[in-house]
Amino acid sequence: MLRLFTLCLAVVLTLAVPASARDKLTVYTYDSFTSDWGPGPKIKTAFEAECGCELEWVAVADAVATLNRIKLEGANSKADVLLGIDTSLTAEAAATGLFEQHNIDTVNISLPVTWADRIFVPYDFGHFAVIYDSEKIKTPPASLDALVNGDPEQKIVIQDPRTSSPGLGLLLWIKAVYGDKAPDTWSKLSKRVLTVTPGWSEAYGMFTKGEAPMVLSYTTSPAYHMVAEKTDRYRAAAFSEGHYMQIEVAGILKSSPNKPLARKFLAFMTGPGFQNHIPTNNWMWPAGKTTGTLPDAFGKLVKPEKSLLLASDEVNANRKAWIDEWLKATTR
Amino acid sequence: MTGSAIKLADLDFCYPGGEPMHFSTTFEAGSFTGLIGPSGSGKTTLINLIAGFEEPSSGSVLFDGIDATATQPADRPVTMVFQDNNLFAHLDVFTNVALGISPALDLSDDDKTSIAGALEETGLSGLEKRLPRELSGGQRQRVAIARALVRNRPVLLLDEPFAALGPALRRDMLRLVSTIHKQRGMTVILVSHDPADVKFAAGHAAFLDAGQVVANRPVDALFSASDIPGLQGYLGT
Amino acid sequence: MAGTVALSFILFIAVTPMLALVAIAPAMPELGSDYLSFVWAITRFTLLQAGLSTLLSLALAIPLARALARQAMFPGRAIILRLLALPLALPALVVVLGIVEVWGRQGWVSTLLQTTGMSEPLNIYGLPGILIAHVFFNMALAARLLVASLEQIPPENWRLAAQLSFTSGHVFRHIEWPVIRSVLPGIASLVFMLCIASFAVVLVLGGGPRATTLEVAIYQSLRFDFDPPRAVLLALLQLSLCAGLFVLGGRMAADIAVMAGVGKPARRPDQHPSRFKDITVIAAGLSFIATPMLAIALSGIAAPFAAIVSQSVFWRALGTSLLLAFTAASLSLVMAWCLLAAQRTIMRRRQPSRAAAYLVSGMQASGSLILVVPPIVIGAGWFVVLHRTGMAAALAPVIVAVVNALMSLPFVLRILSPAVVGQAQVHDRLCASLGLSGLHRWRLIDLPVLARSFALAFALAAALSIGDLGAAALFGSTDFVTLPLLLLQKMGSYRSLEAAGIAIILAGFCLALIWSAEQLKPGARMS
């Protein structure tokens with residue numbers, strides 16, 4: 001038995017040693033970005049064809065978790081680039097001192113807001129929304145208020161604001177709408193919450209599997225079901241208070257030994273080789289230059305009447321206190 | 001091989017929470033003594049003290065005049081056969097006996113010959129490869145005696161080794177021990193709960209009561225004596 | 001002396017991070033009243049779920065154990081008893097997957113209830129899910145321990161009961177209950193301690209902050225918030241909670257033999273009258289325990305194994321897990337042997353000195369130390385220490401292996417201790433008279449006689465280490481992935497088929513380990 005075990009061990013160890021290769025760019029991101037149906041694999045192919053290098057995606061549960069990972073690893077991080085945090089975290093990320101100015105030409109960038117950040121480069125944007133299953137819910141909530149005060153038996157899956165950017169987005173959304181009343185709002189809403197997942201993929205997977213009739217996601221999510229599955233069963237609920245906006249960005253680590261390659265990647269990120277894959281793979285609005293037109297499905301999506309966005313500095317100053325508030329309100 | 005004289009010089013011993021015991025007696029070289037006495041009188045304790053399994057709080061154990069009180073059991077001139085658990089259940093007869101010669105099982109040809117001789121002498125030839133569980137109770141104790149033979153120590157201590165055997169088998173075993181004693185001349189001490197065994201096999205008998213050796217005399221003298229306190233009561237005569 | 005070295009090592013591993021945590025504690029920034037009320041809420045929840053889990057596990061285990069002890073002769077009984085031993089060796093994460101398959105909103109039970117007209121599907125997230133999983137693990141453990149105790153009842157008692165024409169009620173009152181009552185406090189505190197320190201179950205089935213335990217909060221404070229001071233606060237809280245409970249009642253748990261061999265089943269006078277009732281109870285208990293295992297097996301069949309084995313990360317995770325398990329189990333066995341051999345040497349003396357007596361009780365207590373200082377707390381302490389020195393990445397596997405070894409130590413000791421003590425009673429005098437000691441004794445006597453116990457202890461320790469999520473989750477990184485971590489990632493990214501495949505592989509390793517250890521004949525040589 002012992003001998004067999006040793007043999008197995010030897011085989012496994014031999015197989016486990018990674019083959020070393022060309023110049024390698026390591027990018028930390030959230031896991032849905034790198035999944036088979038996400039933009040990651042296609043972008044990898046496009047960028048590798050252009051740079052003659054290897055692009056390695058390292059998937060960490062969700063966006064906030066990627067930043068935690070970077071903080072944890074500090075100067076020893078293997079990452080050259082962090083891709084996937086949004087504007088609610090950029091001030092905090094910049095304050096760690098682990099990121100470097102991007103120094104690239106941002107001529108391709110186009111957003112609903114003006115972009116002046118010197119460290120992070122945006123690659124897409126969207127609005128958070130509650131997606132519902134129209135076969136199970138006939139009258140979706142028409143406002144955040146209706147969601148909060150609705151039937152507690154109709155469940156929603158949300159994400160943890162400590163690890164996930166939609167989770168943090170909802171926290172800020174409620175803060176932006178309710179201000180000091182946010183804790184009460186959370187106490188009420190938590191009765192409708194089936195479970196709080198660490199990441200977006202897990203929550204969305206539970207929703208599509210039928211575990212809950214609602215999930216926190218994006219206004220753009222129904223486009224995926226219309227394009228890929230030819231169904232309009234899953235729809236976004238338009239909220240009268242407005243929708244919180246998310247701008248997703250990428251930045252270069254100071255500790256990166258491959259800075260020229262990292263800059264090349266960020267510049268590539270603003271062009272069609274990257275941006276063309278965003279709408280129909282990441283299911284967000286592109287923030288850079290694309291070629292070709294968007295699928296019709298994007299025309300049928302909910303258009304928020306009002307975009308909500310708190311300043312990154314304000315979020316950075318209060319995030320911890322607001323999360324504690326949330327922890328207290330949801331355990332009460 | 002001749003036996004050692006054993007002297008117990010004012011041995012004091014006490015189990016935690018038990019009555020104090022005090023032993024002072026001599027076993028002549030080459031004698032065969034049976035220890036009798038009521039349960040709890042200290043028979044097993046006495047031979048455990050001789051073998052070194054118990055440490056006296058004072059007094060000493062001498063073999064041929066040499067103090068061995070501080071000597072480890074394995075280094076005393078003693079070999080002991082217990083009532084049970086004399087054999088390692090996972091080792092065969094040959095190995096169990098061989099351990100009496102060398103704990104590392106480094107055996108010379110002479111050693112193998114002497115093992116074969118001891119097995120022959122105890123009537124176990126042909127059973128070398130058997131495991132203890134494949135032997136009868138009597139055969140198992142014969143293996144223990146065979147090991148005592150190859151160890152070839154001047155003192156043989158027997159702690160009721162045949163108590164679990166039937167009367168006829170017990171006589172056989174006592175006869176075997178007697179024969180070995182006559183041939184080799186070692187000092188033998190036999191603990192027994194049956195005075196008849198002692199009368200049958202031993203030349204001397206010692207009567208223990210309440211943690212003391214009350215008397216230690218030739219068998220006939222002891223069993224016919226009337227001056228030994230407690231003996232009549234014990235024998236029921 | 002080896003025992004002292006082992007004891008010092010255990011104390012070093014467990015106490016160093018504690019000291020580090022305490023040293024860091026004064027530097028804590030203000031925590032905020034919101035956070036403190038969250039901490040208070042999860043402390044209450046931690047105790048609540050552990051208390052309810054213990055109550056439910058025991059309340060269900062007692063009838064099951066009675067039924068199994070009473071029906072001593074039916075075919076398949078031995079298999080059922082072995083099935084009861086499995087949950088202990090199964091990775092918590094795998095079991096959680098199985099429980100979701102059976103009890104989840106889309107699970108078997110919900111589907112069944114919906115077809116029979118109950119409209120609302122079950123909601124497994126939160127307290128109900130945690131309780132189901134804890135009862136799964138601990139009812140099986142408690143039932144097996146109770147059956148073992150009931151089978152120690154001497155057969156004369158049953159003959160007497162037959163003569164006195166006892167009914168099942170009389171039997172319970174006069175014979176069974178006194179036995180159950182004597183072991184119940186020990187089992188209850190063991191189960192309670194295991195539930196307090198439960199990690200993977202709460203992490204996955206808790207469903208967010210409202211059902212979080214201290215153990216999970218420690219992990220989150222390090223991995224979600226990267227906030228060591230908070231982790232320190234939570235770890236110290238968890239530590240004082242466990243230490244307090246251990247002083248109150250955990251000591252009783254130390255005497256429980258976890259893999260207790262089952263005694264001789266007795267023919268009992270109340271066997272026939274209760275047959276139908278007992279079979280119902282056994283069938284119910286069995287289906288509760290077997291369905292999640294079956295669910296894992298069924299969803300595993302459909303898993304895309306080709307896709308799983310084509311991923312290099314799978315092979316790295318497998319290699320890491322096997323290496324960790326091998327190291328942790330070996331270390332655990334060496335520590336256990338050193339402690340036991342030292343105790344044996346000291347106890348052999350008639351009157352051990354006072355200092356020696358303290359040393360022995362220290363060694364006995366150290367085996368249960370991990371119940372007082374949970375793996376996550378030790379891991380968190382080392383995490384904080386190592387991150388300050390920048391050695392976390394390099395030493396992560398070592399720490400995880402050592403923490404896993406300590407985690408298995410109570411179980412390893414409970415398997416080895418009776419065997420070593422029994423072996424010592426039988427052989428000590430003989431070995432002493434033959435001069436068998438040291439290496440010779442080890443090679444010729446101890447190893448062959450104890451081979452089966454060693455193998456079983458090794459297998460259990462390796463299985464516990466392979467399935468461990470707690471310590472590995474703290475130190476996990478792209479360079480350090482274990483199979484359970486990979487499984488958690490697959491579950492998180494909702495690759496449920498791949499997750500099922502990894503779960504099957506993980507469970508397969510654990511079961512194969514235990515199974516092959518049990519194949520060794522008692523007293524057979526290890527080759």
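Residues numbered from 1 in each chain as written. Chains lettered and ligands numbered in written order. Predicted model: local features only at pLDDT ≥ 70, side-chain atom pairs only at ≥ 80, totals over all residues. Heavy atoms only, no water.

Undergrad: Hey, could you run me through the sheet that holds strand 5 (residues 66-67) of chain B in this one?
TA: Strand pairs in the sheet, formed through backbone hydrogen bonds, run parallel or antiparallel to each other. Residue and element names in this part refer to chain B. Strand order in this open sheet of 4 strands is 2-1-4-5, and the pairing throughout is antiparallel. Since the sheet does not close on itself, it has two edges, and those belong to strand 2 (21-27) and strand 5, each with one partner. When strand 1 (residues 6-13) meets strand 4 (residues 58-63), the two strands line up antiparallel, connected through 5 bridges. Its bridge partner being in strand 4, Leu8 is matched across the sheet by Val61. (Pairing = 2+ DSSP bridges. Helix = DSSP H or I, 4+ residues; strand = E, 2+ residues; numbered from the N terminus.)

Undergrad: Before we go on, may I ask you to explain the sheet that holds strand 8 (residues 187-191) of chain B in this structure?
TA: Residue and element names in this part refer to chain B. Spatially, 6 strands are ordered 6-7-8-3-9-10 in an open sheet, and the strand pairing comes out mixed. A single partner strand is all that each edge strand has here, and the edge strands are strand 6 (78-81) and strand 10 (212-218). The mean inter-strand angle of the sheet, taken between neighbouring strand axes irrespective of direction, is 20 degrees. As paired elements, strand 3 (residues 32-36) and strand 8 share 4 bridges and run parallel to each other. Following the sheet pairing, Gly34 is matched in strand 8 by Leu190. Across the sheet, helix 4 (residues 137-151) lies against strand 6 and strand 7 (155-159), angled at about 175 degrees from strand 6, the strand it touches most. (Axes fitted to C-alpha atoms, helices over the stretch in contact; angles between N-to-C directions. Contact = heavy atoms within 4.5 Å.)

Undergrad: Would you mind showing me how to read a nonpolar patch on the surface here?
TA: Residue and element names in this part refer to chain C. Together, Trp108, Leu294, Leu298 and Ile301 make up a nonpolar patch on the protein surface, roughly 410 Å² of accessible area in all. Along the chain, Leu298 falls in helix 12 (residues 275-301). In this structure Leu298 comes out as partly exposed when scored by relative accessible area, which is 44%. (Patch = residues over 30% accessible without salt bridge, like charges linked within 9 Å, V, L, I, M, F, W, Y side chains within 5 Å. Areas by Shrake-Rupley, 256 points an atom, 1.4 Å probe, with all protein chains shown as cover. Salt bridge = Lys/Arg side-chain N within 4 Å of Asp/Glu carboxyl O. Buried < 20%, exposed > 50% of the residue type's maximum accessible area, 1.4 Å probe, protein only.)

Undergrad: I tried to follow the pattern of salt bridges on my own but got confused; where do I start?
TA: Applying the stated criterion across every chain, the model contains 25 salt bridges over all chains. The salt bridge involving Glu135(A) is made with Arg233(A); its shortest N-O contact spans 3.5 Å. Here the residue Glu135(A) occupies a position in the loop between strand 5 (121-133) and helix 6 (144-149), and Arg233(A) occupies one in the loop between helix 10 (221-228) and strand 9 (234-237), the gap between them amounting to 98 residues. For Glu135(A), a relative accessible area of 52% corresponds to the exposed category. The closest approach of N and O atoms between Asp324(A) and Arg230(C), which form a salt bridge, is 2.5 Å.

Undergrad: Even after reading the chapter, I still don't get the confidence of the model for chain A, so can you show me in this structure?
TA: Parts of the prediction with low pLDDT should not have their coordinates interpreted in detail. Residue and element names in this part refer to chain A. Averaged over every residue, the pLDDT of chain A is 88; residues scoring 70 or more account for 93%. The model gives residues 1-5 a pLDDT under 50, and that stretch makes 4 contacts with residues more than four places away or in other chains. In this model, residues 11-21 is a region of pLDDT below 50 whose contacts with residues beyond four sequence positions or in other chains number 8 contacts. (pLDDT = per-residue confidence, 0-100.)

Undergrad: Can you help me understand helix 14 (residues 312-331) of chain A in this one?
TA: Residues separated by three or four positions in an α-helix point in the same direction, a consequence of the helix having 3.6 residues per turn. Residue and element names in this part refer to chain A. Here helix 14 spans 27 Å end to end across 20 residues, near enough to the 28 Å set by a 1.5 Å rise per residue. Residue Asn318 marks the point of greatest curvature in helix 14, where the axis turns by about 55 degrees. Among all positions of helix 14, only Ser312, Val315, Arg319, Trp322, Ile323, Asp324, Glu325, Trp326, Leu327, Ala329, Thr330 and Thr331 are buried. (Expected span 1.5 Å × (residues − 1). Bend = angle between axes of the 7 residues up to and from the residue.)

Undergrad: How should I be thinking about the interface of chain C and chain B in this particular structure?
TA: How large an interface is tends to be reported as the accessible area lost when its parts come together. Listed by partner, the interface residues are 20 residues for chain C and 22 residues for chain B. When the two sides are added together, the surface that chain C and chain B hide from each other amounts to roughly 1,900 Å², 66% of it contributed by carbon and sulfur. Linking chain C with chain B are 0 salt bridges, by the criterion used here. Summed over the shared surface of chain C and chain B, the number is 5 residue pairs in polar contact (both at pLDDT 80 or more). Of all elements in the fold, only helix 18 (392-434) and helix 19 (438-467) of chain C reach the threshold of two or more residues within the side of chain C that touches chain B. When residues in the side of chain C that touches chain B are grouped by element, the largest group, 8 residues, is from helix 18 of chain C. Along the lines of polarity and charge, the residues of the side of chain C that touches chain B split into 10 nonpolar, 6 polar and 4 charged. (Buried area = accessible area lost by both parts, 1.4 Å probe. Polar contact = N/O pair within 3.5 Å; in protein donor to acceptor, adjacent residues only side chain to side chain. Nonpolar A, V, L, I, M, F, W, Y, C, P; charged D, E, K, R; others polar.)

Undergrad: Just checking my understanding: could you explain the domain arrangement of chain B for this structure?
TA: All names here are of chain B. Annotation of chain B at the domain level lists domain 1 (1-77 + 157-237) and domain 2 (87-152). Here the C-alpha centroids of domain 1 and domain 2 sit 25 Å apart. Counting from both sides, the interface comprises 12 residues of domain 1 and, opposite them, 9 residues of domain 2. Both faces considered, domain 1 and domain 2 share a buried interface measuring about 1,000 Å² in area, 61% of it formed by carbon and sulfur atoms. Three residues stand out in domain 1 for area buried against domain 2, namely Met173, Leu176 and Arg184, and they jointly supply 42% of the buried area on that side. Our count for the domain 1 to domain 2 interface comes out at 1 salt bridge. Two residues, Arg184 and Glu121, come together in a salt bridge whose shortest N-O distance is 3.0 Å. Applying the counting rule to domain 1 against domain 2 returns 3 residue pairs in polar contact (both at pLDDT 80 or more). Split by residue class, the side of domain 1 that touches domain 2 holds 9 nonpolar, 1 polar and 2 charged. (Domains from an automatic or database assignment.)

Undergrad: How do you make sense of the arrangement of the chains when you look at a structure like this?
TA: Counting contacts across all 2 pairs of chains that touch, the top pair turns out to be chains A and C. With no contact formed, the shortest span from any C-alpha in chain A to any C-alpha in chain B equals 21 Å.

Undergrad: Looking at this model, I keep getting lost on the interface of chain C and chain A. Mind explaining?
TA: Taken together, the contacts link 47 residues of chain C with 44 residues of chain A. Between chain C and chain A the total buried area reaches about 4,200 Å² when both faces are included, carbon and sulfur atoms providing 60% of it. Connecting chain C to chain A are 2 salt bridges. Elements supplying a minimum of two residues to the side of chain C that touches chain A: helix 2 (33-70), helix 10 (214-223), helix 14 (312-348), helix 17 (375-389) and helix 21 (483-492) of chain C. At 7 residues, helix 14 of chain C tops the list of elements feeding residues into the side of chain C that touches chain A.

Undergrad: What exactly am I supposed to notice about empty space enclosed by the protein here?
TA: If a probe as big as a water molecule is rolled over the atoms, it shows which places are left empty. Residue and element names in this part refer to chain C. Counting across every chain of the model gives 11 cavities of 30 Å³ or more. Taken as a whole, the largest cavity encloses approximately 710 Å³ of empty space. Lining the largest cavity we find 33 residues, and of these Ala92, Leu194, Ala197, Ser198 and Leu464 sit closest to its centre. Of the residues forming the lining of the largest cavity, the biggest block, 4 residues, is contributed by helix 6 (residues 127-150). Grouping the amino acids of the lining of the largest cavity by side-chain chemistry returns 26 nonpolar, 5 polar and 2 charged. When residues of the lining of the largest cavity are assigned to domains, at least three map to each of domain 1 (1-30 + 302-527) and domain 2 (54-301). (1 Å grid on protein atoms, 1.4 Å probe; cavity = no way out; pocket = protein on both sides within 12 Å on 5 of 7 lines; lining within 4 Å. Points joined across faces, edges and corners; volume = space filled by probe spheres on them.)

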